[in-house]
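# Reading the structure
Given next are the chains, with one letter for each unit.
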Amino acid sequence: MAKRDYYEVLGVSRTATEVELKAAFRKAAMLHHPDRNPGDKTAEVKFKEVNEAYQHLSDGQKRAAYDRYGHAAFEQGGGGAAGDGFGSMSDIFEDLFGDIMGRRSSRGGGSARERGADLRYNLEITLEEAFAGKSATLKIPTSVACDACAGSGAKAGSKPTPCRTCAGHGRVRAQQGFFAVERTCPTCNGRGEIIDKPCEKCAGAGRVTRERSLAIDVPRGVEDGTRIRLAGEGEAGLRGGGSGDLYVFISVKPHAFFQRDGSDLYCRVPISFVQAALGGEFRAPTIDGSEAKVRIPEGTQSGKQIRLKGKGMPVLRSRDLGDLYVQTMVETPQNLTRRQRELLAEFDRESSQKTHPESAGFFARMKEFFEGLS
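Because the structure is a prediction, the values reported are computed rather than measured.

## Description of the overall build of the protein
For the protein, the count of helices and strands is 9 helices and 15 strands. When burial is assessed residue by residue, the protein has 36% of its 374 residues classed as buried. Partitioning the contacts of the protein with sequence separation of at least 6, the portion at a separation of at least 24 is 65%. Of the roughly 23,100 Å² of accessible surface on the protein, 50% is carried by carbon and sulfur atoms.

Here it is in structure tokens:
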């Protein structure tokens, strides 16, 4: 099947300029792109045809050969198959996919405005502040847009001009036969713009370093390691570019009494062996600053956990509360008087397996174990 004329494929005349060729290519390529025509084989064929036509006509040497010999100029090694030109392919992807995906090309000065860097701020709070929430004012040394030039980098009354070396593209090409090698423009460093009269305050950067105050609300229930993102509060962009984001990382200090596990709190409370034996009650501290009455049953053992419902930490972005688990720790008395020793010795003589069931059971099992070895 004979190939269609390249000019006919793009819908331009043989005298079309480079700008007219590119405009026609963009229009045709976007019309027939496979992403816009899923499952349409005809559109896929036309898309390849448009690419091939543009690659040959956008190259000066290839176009001259085509105008003289037609398709025969590229047959039997005369010019290579479609896709040989690196520079042309970079144009195709940049011009086509930049618009399809909603991104502007970096050429034509687009890269002169660079997005600012993201910033990180470490904020340490107490467990009580994590419980109640906290309003804090952060002091952040960062780059902000220069007020003298409104972030453009150019002196008041002037503006950046397109780079003369790359004509505002940000890249330059070196032609090597049918191939083109592309590199960043050494004059403008890829920005596509030159500032002839830089702002005196920011030296052409469009931003200055300054400490600024920023208010932040830490929500109730935040945990250690929580990250809060503040969009647009990072470093100012270069020459009017968008600002980066600020990420505040929360660090919760260890507490003197409570250990945290999610929304639950744990607290160890010492009790006397008399309280553990006879039962009773005591008051335990809670995270909100009050005290809760805790009842312990008769015969409480060391390590027993008593649950206080709703006395823990708030669940982040919820009205729910965790629980507080009070762990009893039976304290062995020290520095006994003679009378106390006499009373304990008398108590021990009156004790039996009923008063110490766990000890009695343990030693009975141990005796059976060693008898089984003999």
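Let us keep going from here.
## Here's the deal with the environment of Gln-301
Topologically, Gln-301 is positioned in the loop between strand S13 (291-296) and strand S14 (305-308). Separated by 27 residues in sequence, Gln-301 and Thr-328 have C-alpha atoms that sit 7.6 Å apart. Each residue touching Gln-301, except ones within four places of it in the same chain, is listed here: Thr-328, Val-330 and Glu-358.

## Some points on the layout of surface pockets
Each pocket or cavity is described by its volume, and for the largest pocket that value is around 690 Å³. Taken together, 21 residues make up the lining of the largest pocket; nearest its centre are Phe-273, Ala-277, Phe-347, Thr-355 and His-356. Residue assignment for the lining of the largest pocket shows that the elements contributing at least two residues are helix H7 (273-278), helix H8 (338-350) and helix H9 (357-373). Looking at the lining of the largest pocket, the element that brings in the most residues is H7, giving 5 residues.

## Considerations on the confidence of the model for the protein
Residue-level pLDDT values for the protein average 81, and 85% of them are 70 or greater. Counting interchain partners and residues more than four positions distant, the pLDDT-below-50 stretch residues 77-91 has 33 contacts. Segment residues 95-111: pLDDT under 50, and 40 contacts once partners within four positions in sequence are set aside and those in other chains are kept.

## Description of the sheet that holds strand S11 (residues 264-272)
Taken in spatial order, the 4 strands of this open sheet run S10-S11-S15-S14, and their pairing is mixed. The two strands at the open ends of the sheet, each matched to only one other strand, are strand S10 (259-261) and S14. Averaged over all neighbouring strand pairs, the angle between strand axes comes to 30°, with direction disregarded. With 3 bridges joining them, S10 and S11 adopt antiparallel strand pairing. Paired with Arg-260 across the two strands is Leu-265, which belongs to S11.

## Comments concerning the pattern of salt bridges
This structure, assessed with the given rule, holds 16 salt bridges. What emerges from the salt-bridge pattern is a single network uniting Arg-115, Asp-118, Arg-229 and Asp-245.

## A short note on the nonpolar core
One finds Leu-123, Ile-125, Leu-138, Val-248, Ile-250, Phe-282 and Val-326 to be the most contacted residues of the largest nonpolar core, which totals 35 residues. Leave out the neighbours within four places in its chain, and Leu-123 touches Ala-136, Leu-138, Val-218, Val-248, Phe-249, Ile-250 and Ser-251. In this structure, Ala-24, Phe-47, Ala-53 and Tyr-66 belong to the second largest nonpolar core, which totals 19 residues.

## A few points about the packing of aromatic side chains
Scanning all chains against the criterion turns up 4 aromatic pairs. With a centroid separation of 6.1 Å and 45° between ring planes, the pair formed by Tyr-7 and Tyr-66 is classed as tilted. With Tyr-7 in helix H1 (residues 6-10) and Tyr-66 in helix H4 (residues 60-69), this residue pair connects regions lying 59 residues apart in the sequence. With respect to burial, Tyr-7 and Tyr-66 carry one shared label: buried. Where Phe-25 meets Tyr-54, the ring centres are 4.2 Å apart and the plane angle is 10°; that geometry is what we call stacked. Note that Phe-25 is positioned in helix H2 (residues 18-32) and Tyr-54 in helix H3 (residues 41-57), a separation of 29 residues in sequence. Here Phe-25 and Tyr-54 have matching classes, each one buried. An aromatic cluster of three or more residues is present, and its members are Tyr-6, Tyr-7 and Tyr-66. A cation over a ring is seen here: Arg-220 above Phe-131, with NZ or CZ 5.6 Å from the ring centre.

## What about the sheet that holds strand S1 (residues 119-125)?
In spatial order, the strands read S1-S9-S8; together these 3 strands make up an open sheet with mixed pairing. Since the sheet does not close on itself, it has two edges, and those belong to S1 and strand S8 (227-230), each with one partner. Each strand of the sheet is rotated relative to its neighbour by a mean of 25°, with strand direction disregarded. Here 7 bridges tie S1 to strand S9 (residues 246-252), and the two strands are oriented parallel to one another. Note that in S9 the partner of Arg-120 across the bridge is Tyr-247.

## Here we look at the packing of H2 against H3
Direction vectors running N to C along H2 and H3 enclose 165°, while the axes themselves pass 9 Å from each other. Overall, the two elements H2 and H3 adopt an arrangement that is roughly antiparallel. In this structure, the crossing between H2 and H3 has a hand that is left-handed. Between H2 and H3, the residues in contact are Leu-21, Lys-22, Phe-25, Ala-28, Ala-29 and His-32 and Ala-43, Glu-44, Lys-46, Phe-47, Val-50, Asn-51, Tyr-54 and Leu-57, respectively. Looking at the contact of H2 with H3, its residues break down into 9 nonpolar, 2 polar and 3 charged.

## Quick word on the environment of Lys-293
Within the element layout of this structure, Lys-293 appears in strand S13. In this structure, the C-alpha to C-alpha distance between Lys-293 and Phe-282, residues 11 residues apart in sequence, is 5.9 Å. Look past the residues within four positions of Lys-293 in its chain and what remains in contact with it is Glu-281, Phe-282 and Arg-283.

Here is what the cut-offs are and how they apply
- Residues numbered from 1 in each chain as written.
- Predicted model: local features only at pLDDT ≥ 70, side-chain atom pairs only at ≥ 80, totals over all residues.
- Heavy atoms only, no water.
- Helix = DSSP H or I, 4+ residues; strand = E, 2+ residues; numbered from the N terminus.
- Buried < 20%, exposed > 50% of the residue type's maximum accessible area, 1.4 Å probe, protein only.
- Contact = heavy atoms within 4.5 Å.
- Areas by Shrake-Rupley, 256 points an atom, 1.4 Å probe, with all protein chains shown as cover.
- 1 Å grid on protein atoms, 1.4 Å probe; cavity = no way out; pocket = protein on both sides within 12 Å on 5 of 7 lines; lining within 4 Å.
- Points joined across faces, edges and corners; volume = space filled by probe spheres on them.
- pLDDT = per-residue confidence, 0-100.
- Pairing = 2+ DSSP bridges.
- Axes fitted to C-alpha atoms, helices over the stretch in contact; angles between N-to-C directions.
- Salt bridge = Lys/Arg side-chain N within 4 Å of Asp/Glu carboxyl O.
- Core = buried A, V, L, I, M, F, W, Y, C linked by side-chain atoms within 4.5 Å.
- Phe/Tyr/Trp six-rings, centres within 6.5 Å; stacked < 30°, edge-to-face > 60°.
- Lys NZ or Arg CZ within 6 Å of the ring centre and 35° of its normal.
- Parallel < 35°, antiparallel > 145°, perpendicular 65-115°, else oblique.
- Left-handed = near helix turned anticlockwise from the far one by under 90°.
- Nonpolar A, V, L, I, M, F, W, Y, C, P; charged D, E, K, R; others polar.

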